Amino acid sequence: MPISVDEAFLRRVAAENQLLGGEAPGAANGPIDAMIIKPGHQNFVVGQNLSAAIKAQGGVVKQRLNQLGLLFTTRGQQLRGFVDTTDDVESLNEMTVAEFNGRIPNF
């Protein structure tokens, strides 16, 4: 089945990126950087290691989710801007290359 990339498809992808951009930062459903794991007995080394790893990496995970949220939001905005910019194709026929490049988002 061929993939049809038309304006409707691009707008749908832009909307999905915007949705993901809003959801990614909260994907951890709570303060993942302050999560406490009770791994069982203090001599249960595997559990203690898991607890330490989560404590050490929670902030990194939260930061990455925030970065992904920003990336999705930016990509959604850029894609919408691209569709809006290229929507009026006839007006682009009279543009110079420099004018066209000035209107295209820098992906």
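Residues numbered from 1 in each chain as written. Predicted model: local features only at pLDDT ≥ 70, side-chain atom pairs only at ≥ 80, totals over all residues. Heavy atoms only, no water.

**Student:** Any chance you could explain the pattern of salt bridges here in plain terms?
**Tutor:** When the charged atoms of two side chains with opposite charge come close together, those side chains can pair. Under the criterion given, the structure shown has 2 salt bridges. Between Arg-11 and Glu-7 there is a salt bridge, with the nearest N and O atoms lying 2.9 Å from each other. Here the residue Arg-11 and the residue Glu-7 both occupy positions in helix 1 (residues 7-23), the gap between them amounting to 4 residues, near one helical turn. Here Glu-7 falls in the partly exposed class, since its relative accessible area comes to 35%. (Salt bridge = Lys/Arg side-chain N within 4 Å of Asp/Glu carboxyl O. Helix = DSSP H or I, 4+ residues; strand = E, 2+ residues; numbered from the N terminus. Buried < 20%, exposed > 50% of the residue type's maximum accessible area, 1.4 Å probe, protein only.)

**Student:** What is the right way to read the environment of Pro-39 from this model?
**Tutor:** With respect to the secondary-structure elements, Pro-39 resides in the loop between helix 1 and helix 2 (45-86). Taking the relative accessible area as the measure of exposure, Pro-39 reaches 19% and is therefore buried. On a C-alpha basis, the gap between Pro-39 and Asn-93 in space is 65 Å, while along the polypeptide they are 54 residues apart.

**Student:** Quick question: what am I supposed to make of the packing of helix 1 against helix 2 here?
**Tutor:** If you want to describe how two helices pack, look at the angle between their axes and the distance between the axes. Running from N to C, helix 1 and helix 2 point in directions that differ by 155 degrees, and their axes come no closer than 7 Å. As summarised for this structure, helix 1 and helix 2 are arranged roughly antiparallel, according to the angle between their axes. With respect to the hand of their crossing, helix 1 and helix 2 are arranged in left-handed fashion. The segment helix 1 lies against helix 2, with Glu-7, Leu-10, Arg-11, Val-13, Ala-14, Asn-17, Gln-18, Leu-20, Gly-21 and Gly-22 engaging Gly-69, Phe-72, Thr-73, Arg-75, Gly-76, Gln-77, Leu-79, Arg-80, Val-83 and Asp-84. Partitioning the contact of helix 1 with helix 2 into residue classes produces 7 nonpolar, 8 polar and 5 charged. (Axes fitted to C-alpha atoms, helices over the stretch in contact; angles between N-to-C directions. Parallel < 35°, antiparallel > 145°, perpendicular 65-115°, else oblique. Left-handed = near helix turned anticlockwise from the far one by under 90°. Contact = heavy atoms within 4.5 Å. Nonpolar A, V, L, I, M, F, W, Y, C, P; charged D, E, K, R; others polar.)

**Student:** Help me understand the side chain of Asn-17, please; the structure alone is not making it clear to me.
**Tutor:** For Asn-17, the location among the structural elements is in helix 1. Beyond its immediate stretch of four places on either side in the chain, Asn-17 contacts Phe-72, Thr-73, Arg-75 and Gly-76.

**Student:** Any chance you could explain helix 1 here in plain terms?
**Tutor:** The α-helix winds at 3.6 residues per turn, so residues separated by three or four positions along the chain end up facing the same way. Look at helix 1: 24 Å from first C-alpha to last across 17 residues, which is about the 24 Å you get at 1.5 Å a residue. Those residues of helix 1 not exposed but buried are Leu-10, Ala-14, Asn-17 and Gly-21. What you see down the axis of helix 1 is that its buried residues fit within an arc of 60 degrees, all on one side. In helix 1, the exposed positions that point more than 90 degrees away from the buried face belong to Leu-19 and Gly-22. Looking at the buried positions of helix 1, the neighbouring elements they touch are helix 2. (Expected span 1.5 Å × (residues − 1). Arc of directions from axis to C-beta.)

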